Each structure stands twice: as C-alpha cells, then as structure tokens.
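Coordinate analysis (summary)
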Amino acid sequence: MLLAPLSASSAQTTDLSAQFTATTEPGLSATETDAFAQPFEDAFAPLEQELIDVDLALPNTAVDLGTFEAPLEEEPDENVGLDLGTGVASYYGRKFHGRRTANGERFDMNAMTAAHKTLPFGTRVRVTNQRNGRSVTVRINDRGPFIRGRTIDLSRAAAEELGMISSGHAQVELDVLAR
C-alpha cells in the first residue's frame, strides 16, 4: 500500500486528513485500506482543531509600527571641545555691513560673528590672539575667508576685542566651544 499526497495542484484543503489519499495495492481490500488510514485521520484531527482555535487578532497593547516614530537621539557634536589649532585671522567690516551672510542673516559688523570655510553655522568658537592673549567667542554665520593662508574672518567687533584692527590680521588659536 502506498500513501501519497494530493496532486501538486494549487488547491489546498483545511482538512489535514484529506491531504493524503490511500491507494489500494493489489491484494488489499478497501476495508484494509480504511483501517490503515484511520490512525492518520485520528492523528490529524487535533491539529485541525488547534488551527481553528488560533486567534490571529493583535492584542490591544500591540504597537502599530506604521504610526510609531522612534525618538530621535541627539548626535553628539564631534566638534565640541575640538582644538582647531592655530591660523591667521582677518576681519571684515563696513564694506560688508548689512549684506546677507551665507546662512541668510544680515552681516552686523558690531556682532561677535565670524566666517569659517567648514564649521557648521551656529558653532561657537573661542578665538585667542597669540600675541596678546586676548580671547573672544564668536558664532559662525558665514563662509570664508577666501584668501589663501587665512583661517577665519572675524567681524569688526571681534577684531577690536582681540586688538588686531591696526594690523588687519593676527596669529590666533581656535577652539570649538559649542554648536
């Protein structure tokens, strides 16, 4: 006697015992075949009931991930506390006063602001004049300087605090304080 699964058709039945059909071997009666198939039917009957009893509904406490927004973690600013080293600072003032800066605000030569080529806008930088030790904190709001060998362009007010108006430039040390 041979037990074979139903043909490979796409139709599926929920009756697990019907998944197998008994084929009669020569010499076996239909009663003997039924007697052989009965244990399989008895074995599959509890499984069929378990499948019917399965509750596929989500509990009320389940989170719908389609509406869930993960909290955004603040990325630590890798620049804070960064020593940018030394460089040459210059300043710009009257000629650019009132013009738009790279971040869109108007340049105010009396504010403590500066231009840097790569630091993000809003970054606060401590600038220290190496010759006299005077320091000032500026906020980056523009791009520049565009003169070779210059590291930072300061507003006129920041340049005055550092004591570099008469020379036009100074050797400075730069430290990122905050963003």
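Residues numbered from 1 in each chain as written. Predicted model: local features only at pLDDT ≥ 70, side-chain atom pairs only at ≥ 80, totals over all residues. Heavy atoms only, no water.

Things to note about the pattern of salt bridges
Inspection of the entire model under this criterion finds three salt bridges. A salt bridge links E105 to R139; the shortest N-O distance between them is 3.0 Å. A residue pair is termed long-range when its members are at least 10 positions apart, and E105 in the loop between β3 (83-92) and β4 (113-116) and R139 in strand β6 (residues 135-142) qualify at 34 residues. Note on E105: relative accessible area 26%, which makes it partly exposed. Across the pair E160 and R156 runs a salt bridge whose closest N-O atoms are separated by 3.2 Å. Of the two residues, E160 and R156 both sit in helix α2 (residues 156-162), four residues apart, roughly one turn of that helix. (Salt bridge = Lys/Arg side-chain N within 4 Å of Asp/Glu carboxyl O. Helix = DSSP H or I, 4+ residues; strand = E, 2+ residues; numbered from the N terminus. Buried < 20%, exposed > 50% of the residue type's maximum accessible area, 1.4 Å probe, protein only.)

What about the pairing of strand β8 (residues 169-178)?
Note: β3 against β8, seven bridges, orientation antiparallel. Opposite G85, over in β8, you have L174 as the bridge partner. Where strand β5 (residues 124-129) lies against β8, six bridges are found, and the strand directions are antiparallel. Looking at the pairing, T128 lines up with E173 of β8. (Pairing = 2+ DSSP bridges.)

What to know about the sheet that holds β4
If you walk around this closed barrel you meet the six strands as β3-β7-β4-β6-β5-β8, and the pairing is mixed. If you compare each strand with its neighbour and ignore which way they point, the axes differ by 45° on average. (Axes fitted to C-alpha atoms, helices over the stretch in contact; angles between N-to-C directions.)

With respect to the confidence of the model for the chain
In the predicted model, the chain carries a mean pLDDT of 79, and the fraction of residues at 70 or more is 61%. Within the model, the stretch residues 5-11 combines pLDDT values under 50 with six contacts to residues more than four positions away or in other chains. (pLDDT = per-residue confidence, 0-100. Contact = heavy atoms within 4.5 Å.)

Notes on the nonpolar core
As a rule of thumb, soluble globular proteins bury nonpolar side chains together. By size, the foremost hydrophobic cluster in this structure holds 18 residues, and its most contacted members are V125, V127, V138, I152, L154, M164 and V172. At the level of secondary structure, the elements contributing two or more residues to this core comprise β5, β6, β7 (152-155), α2 and β8. Looking at which element gives the most residues to this core, the answer is β8, with four residues. The contact partners of M164, leaving out residues within four places of it in the chain, are A89, S90, Y91, L154, A159, H169 and A170. (Core = buried A, V, L, I, M, F, W, Y, C linked by side-chain atoms within 4.5 Å.)

Description of the environment of G85
The topology assignment puts G85 in strand β3. G85 sits in the partly exposed class, given a relative accessible area of 22%. Sequence separation between G85 and V172 is 87 residues, and the spatial gap between their C-alpha atoms is 8.4 Å.

Topic: the packing of aromatic side chains
Evaluation of the coordinates by the stated rule reveals two aromatic pairs. Where Y92 meets F96, the ring centres are 5.5 Å apart and the plane angle is 80°; that geometry is what we call edge-to-face. What makes Y92 buried here is its relative accessible area of 10%. One Lys or Arg, R143, reaches over the ring of F121 and ends 4.2 Å from the middle of that ring. (Phe/Tyr/Trp six-rings, centres within 6.5 Å; stacked < 30°, edge-to-face > 60°. Lys NZ or Arg CZ within 6 Å of the ring centre and 35° of its normal.)

Section: the side chain of D142
Looking at where D142 falls in the secondary structure, it is placed in strand β6. Within the buried core, D142 has no salt-bridge partner, and the shortest N-O distance to an opposite charge, that of R143, equals 7.1 Å. One polar contact links D142 to Y92, side chain to side chain, over a distance of 3.0 Å. A distance of 2.9 Å separates the side chain of D142 from the backbone nitrogen of A102, its partner in a polar contact. Setting aside its immediate chain neighbours within four residues, D142 contacts Y92, T101, A102, A114, A115, H116 and F121. (Lys, Arg positive; Asp, Glu negative; His and termini not counted. Polar contact = N/O pair within 3.5 Å; in protein donor to acceptor, adjacent residues only side chain to side chain.)

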